[in-house]
Amino acid sequence: MYNFFLPTTVFFGKNCVSLNTDVFRYLNKKFFIVTGKNSASLSGALDDVLNTLTNNYFIFDEVTENPTLSTVLKGAKSFIDNNCNFIIAIGGGSPIDAAKAISICAINNTENIFDSDSIKTTIPLIAIPTTSGTGSELTKYSVINEDLFSKSKKGISNNLIFPKYSFIDPKYTISLNKQVTIDTAIDTLSHLLEGVYSINRNILTYPFIIDGIKNIYKYLPFSLREPENYFYREKLSLASLYGGIVIAQSGTTLQHSIGYQLSYKFGISHGQTNAIFMKEILDLYYPNIKNELDYILSEASIKIEALIEFFKVYTAKYNGVNINSTELEQIIKSVMGAANTKLSPIIVSEKIIKNVYEKLFKIS
Ligand code: NAP
Ligand code: ZN
């Protein structure tokens, strides 16, 4: 038996914001716009949104990559101080995730956003992605650097933080540089594969997985060669949207949790942390998911050897970091405690995580 739950209304395509001004105006709210320093303007999304708004709004543009709990708390205070009542998140996964966390803090009178029981309601949110990678515009997740207490990157999972509306216009991703285009596409590929890896895999998502993998495999190289080509960007945005749909149903696995601390401690982008472990995780999982993955790849007309070659090409740019043994112990503890680790198709042990790190990094 399979369930499928996705409460977000999606608008997809060129100029979808400008073509739907009535949605923003009908809401008739004071909007709190959450974004990073540059992406909203560079992508053109902020201009499109401001042109739709007739009411007052407030812009909170302090979200950085791998957003922190400190920023979220500051944003929640600003939301309250400015008497806002609806959130618009513009940016990559970082601003969208920060906005989701603000939507919790601003109304639940709690700093403990990671405790699902303390989340009774949330401020409604519109998500406008400017990257094509995380799929956060369609998920019930928010990933935040918990910089105040546990000092680790942690996920929130709650149906109340699904965006109410998502406006996905691939033209906003044309301003992405080459490295962010690669990192975010690899993140998407990871989400799609994890729809097969997860013990909560869901056959209702298989058409999205098959089409999404095909899109990344075929159109990432084209998009890198012609970054301004809308058609190629559209294919990557579609794959990202599909990846979001998939992980919203099936969750992620060790493939994601194993790299969270690399983002927290060393600032490595989320896409790259996924890329680093892609091949090792596939090797670990393959005996247990062979039938499902072979089926998906054959439907996508991609041979497993070709997929592994693709991993090699797009993960080759990574420059390693040095990790000391105390840091490795902390990383292992954190990975073992992550909820998504438990969705892996193998029994994950400390030894497995240690072996993978020792294989890929210089441990001093
Ligand atoms: P990001 O951290 O949001 O952005 C990466 C960089 O790209 C930033 O410097 C950003 O600039 C820039 N940028 C964004 N859009 C741009 C555009 N159109 N043109 C030029 N530059 C642009 O990257 P992301 O990979 O999308 O998000 C990663 C975060 O999402 C991680 O924290 C990860 O854990 C999380 N994540 C969440 C989910 C979920 O379901 N919630 C799933 C996967 C990953 P600015 O600084 O100006 O913004
Ligand atoms: Zn991801």
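What you see is a predicted model; the values in this text were computed from it and never measured.

Student: Describe the packing of aromatic side chains, listing the residues and the values that go with them.
Tutor: All chains considered together, the criterion is met by 22 aromatic pairs. Between Phe 208 and Tyr 242 the ring centres are 5.2 Å apart and the planes differ by 55°, which places this aromatic pair in the tilted class. Remark: Tyr 242 occurs in helix α8 (residues 230–250) and Phe 208 occurs in helix α7 (residues 206–225); sequence separation between them is 34 residues. Judged by centre distance (6.0 Å) and plane angle (65°), the ring pair of Phe 231 and Tyr 232 falls under edge-to-face. Residue classification places Tyr 232 among the buried residues on the basis of a relative accessible area of 14%. Three or more aromatic residues link up through ring pairs in this structure, and these residues are Phe 11, Phe 24, Phe 31, Phe 86, Tyr 165 and Phe 167. Across from the ring centre of Tyr 230, 4.5 Å away, lies the NZ or CZ of Lys 14, which sits over that ring. In this structure, Lys 154 is placed above the aromatic ring of Phe 114, and the distance from its NZ or CZ to the ring centre is 4.8 Å.

Student: Please give an account of the coordination of the zinc ion (ligand 2) that cites residues and values.
Tutor: The protein atoms donating to the zinc ion (ligand 2) are Asp 187 (OD), His 191 (NE2), His 256 (NE2) and His 270 (NE2), with metal-donor distances spanning 2.1 to 2.2 Å. The site at the zinc ion (ligand 2) holds four donor atoms, and with the angles between them running 85 to 172°, its shape is irregular. Here the donor residues of the zinc ion (ligand 2) share one chain and are spaced in sequence as D-x3-H-x64-H-x13-H. Taken together, the positions of His 256 in helix α9 (residues 254–257) and His 270 in helix α11 (residues 270–299) put the pair 14 residues apart, joining distant regions of the chain. The burial state of His 256 is the same as that of His 270; both residues are buried.

Student: Let's hear about the site of ligand 1: which residues, and what values?
Tutor: The full set close to ligand 1 counts 31 residues, and Asn 38, Ser 39, Ser 94, Thr 131 and Thr 139 are the nearest of them. Asp 97 places a polar side-chain atom, nitrogen or oxygen, 2.8 Å from a nitrogen atom of ligand 1. A distance of 2.7 Å separates an oxygen atom of ligand 1 from a polar side-chain atom of Thr 131. Computed on the free molecule, ligand 1 has an accessible area of 930 Å², of which 90% lies beneath the protein chains in the complex. Breaking the shell around ligand 1 down by element, the ones donating at least two residues are α2 (39–43), α5 (93–108), β6 (141–146) and α6 (178–197). Tallying contributions element by element places α5 first for the shell around ligand 1, with five residues. Its residues assigned to classes, the shell around ligand 1 comprises eight nonpolar, 17 polar and six charged.

Scoring rules and cut-offs
Residues numbered from 1 in each chain as written. Chains lettered and ligands numbered in written order. Predicted model: local features only at pLDDT ≥ 70, side-chain atom pairs only at ≥ 80, totals over all residues. Heavy atoms only, no water. Phe/Tyr/Trp six-rings, centres within 6.5 Å; stacked < 30°, edge-to-face > 60°. Helix = DSSP H or I, 4+ residues; strand = E, 2+ residues; numbered from the N terminus. Buried < 20%, exposed > 50% of the residue type's maximum accessible area, 1.4 Å probe, protein only. Lys NZ or Arg CZ within 6 Å of the ring centre and 35° of its normal. Donors = N, O, S within 2.8 Å, 3.2 Å for Na, K, Ca; no water. Tetrahedral: all angles 85-135°; square planar, octahedral: opposite > 155°, others 65-115°. Near = heavy atom within 4 Å. Polar contact = N/O pair within 3.5 Å; in protein donor to acceptor, adjacent residues only side chain to side chain. Areas by Shrake-Rupley, 256 points an atom, 1.4 Å probe, with all protein chains shown as cover. Nonpolar A, V, L, I, M, F, W, Y, C, P; charged D, E, K, R; others polar.

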